[in-house]
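Listed below, chain by chain, are the residues.
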Amino acid sequence: MSVTPLLDVQHLTKRYGTRIGCSDVSFKLYPGEVMGVVGESGSGKSTLLNCLAGHLPPDEGRILFDTRTEGPRDTLTMSEPERRMLGRTDWAFVHQNPRDGLRMRVSAGGNVGERLMAVGARHYGNIRNAAEDWLERVEIDTDRMDDRPAQFSGGMQQRLQIARNLVSGPRLVFMDEPTGGLDVSVQARLLDLLRGLVRKMGLSAIIVTHDLAVVRLLADRLMVMKSGDVVETGLTDQVLDDPQHAYTQLLVSSVLQV
Amino acid sequence: MTAQAAAAMDDYNFAYLDEQTKRMIRRAILKGLAVPGYQVPFASREMPMPYGWGTGGVQVSAAVMTPDDTIKVIDQGADDTTNAVSIRKFFERTADIDVTERTSEATIIQTRHRIPEELLNEDQILVYQVPIPEPMRFIEPRETETRKMHALEEYGLMHVRLYENIAKHGAITTAYAYPVKVEDRYVMDPSPIPKFDNPKLESEAIQIFGAGREQRIYAVPPYTKVVSLDFDDYPFDPSKANHPCALCGSVTSYLDEVIVDDKGGRMFVCSDTDYCASRIRRQEQAA
Amino acid sequence: MYVAVKGGERAIDNAHTWLAEERRGDISVEELSIAQIREQLALAVARVMAEGSLFDPDLAALAIKQARGDMIEAVFLIRAFRTTLPRFGASEPIDTGAMTCDRRISATFKDVPGGQVLGPTFDYTHRLIDFTLAATGELPPEAQAGEPRTEPTPHVTEFLDREGLIQTEEDDTKTPRDLTREPLDFPADRPLRLQAIARGDEGFILSMAYSTQRGYGRNHPFVGELRVGQVAIEMDIPELGFAIDIGEVTITECETVNQFMGSKSEPPQFTRGYGLVFGHCERKAISMALVDRALRWEELGEDNVGAPAQDVEFVLSHADNVQATGFLEHIKLPHYVDFQSELELIRKLRAEAETAKAEEDASPFQEAAE
């Protein structure tokens, strides 16, 4: 493929003392692609995500991100200001717990507007319109715009977190168990919403989850992790319908039993 | 103060602080002038007045003071408020320098909460007393975090705060200590001056801000760009009480509201006592 | 009327004169001497020296007298005086092992080399008001003095250290940063933290320590050792080329022994908290050791449970009572310029709200049209 990958991860390794976080992970993510990372807790999928997003320093490897102005650059050797700039412009991070990703004492509108203001938006009316637009897109009643997220239900908080992240038109979204901790019916609605956004916006994303239903709906490709290693990769349907590795087979069958 | 104690004060070094300490403070001031709006940490000393009562300003004034200087001290714009009197006396006693109430005669003006109405010139230094130097302190209480935010120019939260104001009240509700951006780089707290004074932060004089308890010095050199944070459609508004001064008739100066009786009667008078008095003097001479 | 609003020099002078009069109190009552305060209010003097960061019992006694017994005010006087003192140099580190102990106890061992020395302590007194003290002139019975030890008293933690049961404190030989000569800077290393706590407010440090005992960052302390006594101060005189004894100070030292479960890389071991203050200040020394230990969570690989006593910035930024009291009391100063600005804003916002409401009321058909 001649297209430059958006993200090119090479031999990424993270250790916690003698324990392995994730080991020698390599993959490419192309623009418009959604990659799912699955595995049980302790498999290293969250470690991997946090290394990719710059929240954890890996011990080895390279993470090449195709920047807007300078082409592929290793985010690990970038300066802190550059990395932080990416974090509030081209990247977005959706936390499992919306409380980690929202400012609980700032109104919903302010939460959505923050990223715009961080990169220099200085017109109150425009910021407000953008916030309103995004609240509508994530199906939050615009009447609630000046309420604080603390007054929202868990599902609404998660949708607000998504709006807050997507408002600046990020080119790469990291999601950590975005449906975790929500009721099943609320999960379904959120998944539906995410699928719509991913399709409409052509988002590139890396979604970490232990829930195969989430990746079945959202991910183009899948990476299966166990004890810090990638044990299987492939197209989502292929991996889920015809798992090759014994661990993946176990994972898929355990879900089917439920 | 008893006569004995007053005599004892003569044993202290010129302007109380020893020369080593003054040199340390002057280094911090120079650094502050070189990086406008940046908060320079300095090893603030315990002064003989309490923290929060101008120890930062006093240390800065002491460090820049020479025997030829003339100092004016104001609090709330006035020379005769208790704290201004106390600090002026301190310098009279420890530095034996000339004091004045006239803005134009002073070479050093130490102030709390106001900028004089009369425009300052290149031969003057305005020293501010600062309680909380960090403009983001009430958004982020951690010093380690706010320093990082300054270093990386992450000022989005400042505007989030203004956004919240407008969303809730229809206007920016910061009336004093209104944050500014200095020379397009550092967001700075101008100390608790009313926002009315913000436009005067762009000045011909050297402005030095001293926060004793918080151990920070920062500065705005002459002719430096100082912009009050706002939105394009909600511009900064340096408003004040819409009255003339009851004593001198000024319609442009910042006013104090004085309650004159217990039936709700009140009058508005200039907060800058020297400005008011000199206007009255001129009017009397003209009459 | 208008003039009365402003302070004025005369009012200040009068206030000071009145203060001096109040300080003296009823002149038919004999005036306190500095020596009386130094000798009979020794623990107050000790606290003022500790938090004032200056060892001078006479000066501290004078400060207490001048401050009318307001301890923080007295500490403040000492600190302001300290500012004006030129610095000639730094003494050698004191050797607390060579201390002449007035008191030395361990809660971890029944008996230890050097012995348990109870010393002058309130610990086992019954807190009953002693009315005989209200009567004057009666001298207390003389205490039976034992033979003072001449040899050094070893530290209790050394015994644990010899068995490898307690984490060793490495001497990194670096000159610690000086809190009184450099601004407090974060992250603050342990020497800097200890300095800040040592001159921190006794009440604040006590409460922080107490909070760890009640579960907010619990660290299972035992008082390994508490000792009070005199140590020699030695200073290197460049002109002489060697260190000479320049006097002695009374200090209180506390080492706590704390549990540590060990980690994946470290076997279980005891850890330490350390407290050292000027004068006889046991409560402060023990509190200091507990807070020191709580602040070490990161270095020892413990969890931050979000307890106030684990938060270096929180503890260090709020421990100093001279800073705290100054900033707190400064709100007594006039703030009418800022208040005026708020007043104008509130009036303006209220006026706008009323206009908006009036307009709404004036157009009753709008609602129907919607």
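Computed from a predicted model, the values in this text were never measured in an experiment.

Enquirer: Hey, could you run me through the pattern of salt bridges in this one?
Expert: For side chains bearing opposite charge, pairing can occur when the charged atoms are close. Residue and element names in this part refer to chain C. This structure, assessed with the given rule, holds 72 salt bridges over all chains. The partner of R177 in a salt bridge is D185, with the nearest N and O atoms 3.8 Å apart. What makes R177 partly exposed here is its relative accessible area of 24%. You can call D185 partly exposed: its relative accessible area is 38%. For E255, the salt bridge identified is with R272, shortest N-O distance 3.3 Å. One end of the pair, E255, is in strand β3 (residues 242-258); the other, R272, is in strand β4 (residues 271-278), and 17 residues separate them in sequence. Considered together, E255 and R272 belong to a single accessibility category, that of buried residues.

Enquirer: Can you walk me through unusual backbone geometry in this structure?
Expert: One can expect most non-glycine residues to show negative phi and most peptide bonds to be in trans. Note that the residue after F186 of chain C, namely P187 of chain C, is joined by a cis bond; omega there is 0°. With respect to the secondary-structure elements, P187 of chain C resides in the loop between α7 (156-162) and α8 (190-198). Phi at Q215 of chain B takes a positive value of approximately 55°, unusual for a residue other than glycine. As for its position among the elements, Q215 of chain B is in the loop between β8 (206-211) and β9 (216-220).

Enquirer: Help me out: how do you make sense of the environment of M175 of chain A in this one?
Expert: Residue and element names in this part refer to chain A. Residue position: M175 is located in strand β7 (residues 172-176). You can call M175 buried: its relative accessible area is 2%. Taking the C-alpha atoms as reference, M175 lies 21 Å from D24; in sequence the two are 151 residues apart.

Enquirer: Before we go on, may I ask you to explain the domain arrangement of chain C in this structure?
Expert: Bring the parts together and some accessible area is lost; that lost area is often taken as the interface size. Residue and element names in this part refer to chain C. Domain annotation for chain C reports domain 1 (9-82) and domain 2 (96-120 + 148-326). Look at where the C-alpha atoms of domain 1 and domain 2 centre, and you get two points 29 Å apart. Taken together, the contacts link 14 residues of domain 1 with 20 residues of domain 2. Roughly 1,300 Å² of surface becomes buried between domain 1 and domain 2 when both sides are summed, with 62% attributable to carbon and sulfur atoms. At the junction of domain 1 with domain 2, the criterion picks out two salt bridges. When the shortest N-O distance is used, the salt bridge between R79 and D320 registers 3.0 Å.

Enquirer: How should I be thinking about the interface of chain C and chain B in this particular structure?
Expert: In this complex, chain C contributes 47 residues to the contact, which on the side of chain B involves 67 residues. At the boundary of chain C and chain B, one finds six salt bridges. Here R79 of chain C ties to E46 of chain B by a salt bridge, and the two come within 2.5 Å at their closest N and O atoms. Taken together, the connections running from chain C to chain B amount to 24 residue pairs in polar contact (both at pLDDT 80 or more).

Enquirer: I'm lost on the sheet that holds strand β5 (residues 71-74) of chain A in this one. Help?
Expert: As a general point, the strands of a sheet are linked pairwise by backbone hydrogen bonds and lie either parallel or antiparallel. All names here are of chain A. The antiparallel open sheet is built from four strands, whose spatial order is β2-β1-β4-β5. If you trace the sheet from one side to the other, it starts and ends with β2 (19-29) and β5, each paired once. Averaged over all pairs of adjacent strands, the angle between their axes in this sheet comes to 20°, without regard to strand direction. Taken together, the five bridges between strand β1 (residues 7-16) and strand β4 (residues 60-67) define a ladder with antiparallel strand orientation. Its bridge partner lying in β4, L7 is registered against F65. Seen against the sheet, helix α1 (residues 45-52) touches β1, β2 and β4 and runs at an angle of roughly 120° to β1.

Enquirer: It is not clear to me how the sheet that holds strand β8 (residues 205-209) of chain A should be interpreted in this structure. Could you clarify?
Expert: Residue and element names in this part refer to chain A. Reading across from one edge, β6-β7-β8-β3-β9-β10 is the order of the six strands in this open sheet, with mixed pairing throughout. Two strands close off the open sheet at either side, each with one partner strand: β6 (91-94) and β10 (229-235). Put simply, the sheet's adjacent strands are angled 15° from each other on average, direction ignored. Where strand β9 (residues 221-226) meets β10, six bridges bridge the pair, whose relative direction is antiparallel.

Parameters at a glance
Residues numbered from 1 in each chain as written. Chains lettered and ligands numbered in written order. Predicted model: local features only at pLDDT ≥ 70, side-chain atom pairs only at ≥ 80, totals over all residues. Heavy atoms only, no water. Salt bridge = Lys/Arg side-chain N within 4 Å of Asp/Glu carboxyl O. Buried < 20%, exposed > 50% of the residue type's maximum accessible area, 1.4 Å probe, protein only. Helix = DSSP H or I, 4+ residues; strand = E, 2+ residues; numbered from the N terminus. Domains from an automatic or database assignment. Contact = heavy atoms within 4.5 Å. Buried area = accessible area lost by both parts, 1.4 Å probe. Polar contact = N/O pair within 3.5 Å; in protein donor to acceptor, adjacent residues only side chain to side chain. Pairing = 2+ DSSP bridges. Axes fitted to C-alpha atoms, helices over the stretch in contact; angles between N-to-C directions.

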